[in-house]
Amino acid sequence: MRLPSRRTAHRLLCSARASVATLAERTSGNVPSSWGLVGPSLGSAKEGRDTNSVTALPQHVRHFRKAVSDCSVWAAGGTLIQGGRCPIAKAPKRRRGSSSLGHGARSETSYRAPEQAGNKDEDQDQASSSSGSREQTEREPGQSDPHQVDSVRLALLNAAMKHVKAHGWSVAALEEGARDLKLSPAAARMISEGPGGLVQHFVDGANTDSLKECQTHDLQVLDQRAALVLMLRTRLEKNIPYIGSLPQALRLQALPKHAPTAFTSLAAFVDQCWHLCGDRSMDMAWYHKRTALSAIYVATELYMLTDFSPGFANTWTFLDRRLKGMLSVPSLMDEARGSLYAAIVQAGGVASKWVGVRSSSKQ
Amino acid sequence: MLAALRRRTGRCRQLAPLLGQAAFGLSASAPGDRDPTPGVDFGFARVAEDAKARLIGDLFGRVAPRYDFMNDLMSGGLHRLWKDRLVARLGPFPGMRHLDVAGGTGDVAFRVLDAIRAAEARRARSVAVKGSVVVCDLTPEMLEAGKRRAANRRIDQGLEWVQGDAEALPLEDDSVDGYTVAFGIRNVTHIDRALSEALRVLKPGGHFLCLEFSKVEGRALAQLYDAYSFNVIPMLGRWVAGDEGSYRYLVESIRRFPPQDEFAGMIKGAGFGCVSYENLMAGVVAIHSGFKL
């Protein structure tokens, strides 16, 4: 599939408008003037493609577009994507991420429990903020033996996973896990997020494992759709053993307390999926692709909950349909954008003719 | 500032008759400096190492009858919320054996026991041994007050009252799942010994929790808190409990107690893992948590 090389927020807006206009034109033959489009002189998509180049536009339009694009990148980078994974800042980070994947992703032993990372973040947060009058603060001042703590916590989470089927995503599962490790069940409180931490542990493990499994396939040989289907399906298959308690897990992830972590891990997973597909976009497309794929992942996960077909066959067709739909969007948008430019050019033509007619009539 | 220091040192001298013959080398020192005078802190004063436990015992023997009422009065009822938070962090589970040190009047113990019973009722799987709480206190008078309260609440099972020192607990190794000490560790002569004793009695994986007054963050809040605790609390002690000295000790010992990070370091130094703390009310009290790994 051919992906457009450059796309901006402004362009997207124009393309969407134009596509609506094109559709309306095709169906009824006229476009309401309230859409702000030059209705009667809209050209066909084919005509538009010839004039579809950035240099064909006046300079002020190009400047305006650049400003809009910068603003939207900034806004998206600042608000949507936490952790600075915006296309401008991410290039070196991405390389690091891919190299760690090359070495077998995050290994289980080096996995850092999220609650500790959270504490550390808070540490930095507190260091930067001078006001110390927060109602409740929690820190972990310089650990004596962090490796031991991490390994115990990890072992506890892994042991608790065995009890999820019986006890659900609950403190009871963590307590049973602690009993398995010959620890007092009181150690369940080491997982300070409680059941949400257990869900996060499962999600992190499933994400890492599925990406690792996908890397054993030669993804470059597959086309993009097949590669994405493979990756999302591998990930969703990890849910099958816990399908009975999956609604509970999703509910926990949606809690305000856990939602940011859940969002971040989904974003990271989707990012790696695209990266493994060979996507190297550095513009607004970076955001569109990740947002769209996240939406598809979440939709399919929700679809899975009520899918009782043998082997989740319906889920996989659903996933395939959604991906097909997503990947056909850019070509639709190309077409729509083409028709918009054609419309502008035609309008220009009409206007110049009109001016020409007027000037000639004056003479 | 100087005026404040003078006021405080003046009060240390007021404490002298209270300490009686047991005190020696009583030096009036400001809270900031740790002078090399032999002995241990007793409020802002220094007393002989072996005398502190007896002094504390006497002090709590005196305040025992009105202890809970005074707590409500001085904290505006907030100590109940702090203790609830402590128990929420502990997360009692079915069949838990818990030790509450310096919990004479049973405030924390009743809460833990209720939570254990609630967890046992909630969990479908019944446990072979029902959970229980051991209350350990240095002062027999405090334990008596606790026993009376337990009788009033009609609790006849699951509570054990033990008289003992936090530095030498009358319990076996690896025998409890949880260890709490609420507003008590400050009164212990050697905090490090009490911590290693906690480590000894806890089972592997056991949870150590300490609720204690700590250092208030923010200058304005700290001054407000100082004004309240150095003026209002001793006054309340005089009017309500008729014992100003004991309540002045209470306030002074809070100032002598190490701040959050230092105490967390002590807990870690004793051998606990996964140590963290949580400030309540900007550090008026802090809950320190650690696990025996």
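Here the structure is a predicted model, which is why all the values come from computation and not from measurement. (Residues numbered from 1 in each chain as written. Chains lettered and ligands numbered in written order. Predicted model: local features only at pLDDT ≥ 70, side-chain atom pairs only at ≥ 80, totals over all residues. Heavy atoms only, no water.)

Visitor: Run through the overall build of chain A, naming residues and quoting values.
Guide: Counting its secondary structure elements, chain A contains 14 helices and one strand. When each of the 363 residues of chain A is scored for burial, the buried share is 44%. A separation of at least 24 residues holds for 72% of the contacts in chain A among residues at least 6 apart in sequence. Of the accessible surface of chain A, which amounts to about 18,900 Å², a share of 59% is contributed by carbon and sulfur atoms. (Helix = DSSP H or I, 4+ residues; strand = E, 2+ residues; numbered from the N terminus. Buried < 20%, exposed > 50% of the residue type's maximum accessible area, 1.4 Å probe, protein only. Contact = heavy atoms within 4.5 Å. Areas by Shrake-Rupley, 256 points an atom, 1.4 Å probe, with all protein chains shown as cover.)

Visitor: Residue-level account of helix α2 (residues 52-63) of chain B, with values.
Guide: Given a rise of 1.5 Å per residue, 12 residues ought to cover 16 Å, and the 16 Å separating the end C-alpha atoms of α2(B) matches this to within 8%. Turning to α2(B), its buried residues number three or more, namely K52(B), L55(B), I56(B), G57(B), L59(B), F60(B), G61(B) and V63(B). (Expected span 1.5 Å × (residues − 1).)

Visitor: So what's going on with the UniProt feature "binding site: S-adenosyl-L-methionine" (unreviewed entry) in chain B? Which residues, and what values?
Guide: All names here are of chain B. UniProt records the feature "binding site: S-adenosyl-L-methionine" (unreviewed entry) at T105, D137, D165 and A166, using the numbering of this structure. When you line up the elements, D137 lands in strand β4 (residues 132-137). Sequence-distant contacts of D137, that is, excluding residues within four places in its chain, are made with A102, G103, G104, M142, L143, V162, Q163 and G164. Considering the arrangement of structural elements, one finds D165 in the loop between β5 (159-163) and β6 (176-182). (UniProt positions renumbered as here; feature names shortened; annotations may be inferred.)

Visitor: So what's going on with the pattern of salt bridges? Residues and values would help.
Guide: Under the defined criterion, the tally for this structure stands at 30 salt bridges over all chains. Two residues, R290(A) and D271(A), come together in a salt bridge whose shortest N-O distance is 2.8 Å. Taken as a pair, R290(A) in helix α13 (residues 284-305) and D271(A) in helix α12 (residues 259-276) lie far apart in primary sequence, 19 residues in all. Both residues of the pair, R290(A) and D271(A), count as buried. In this structure, R149(B) engages D107(B) in a salt bridge whose closest nitrogen and oxygen atoms are separated by 3.0 Å. One end of the pair, R149(B), is in helix α6 (residues 140-152); the other, D107(B), is in helix α5 (residues 107-122), and 42 residues separate them in sequence. It is possible to trace a salt-bridge network through shared partners that takes in D271(A), D279(A), K289(A) and R290(A). (Salt bridge = Lys/Arg side-chain N within 4 Å of Asp/Glu carboxyl O.)

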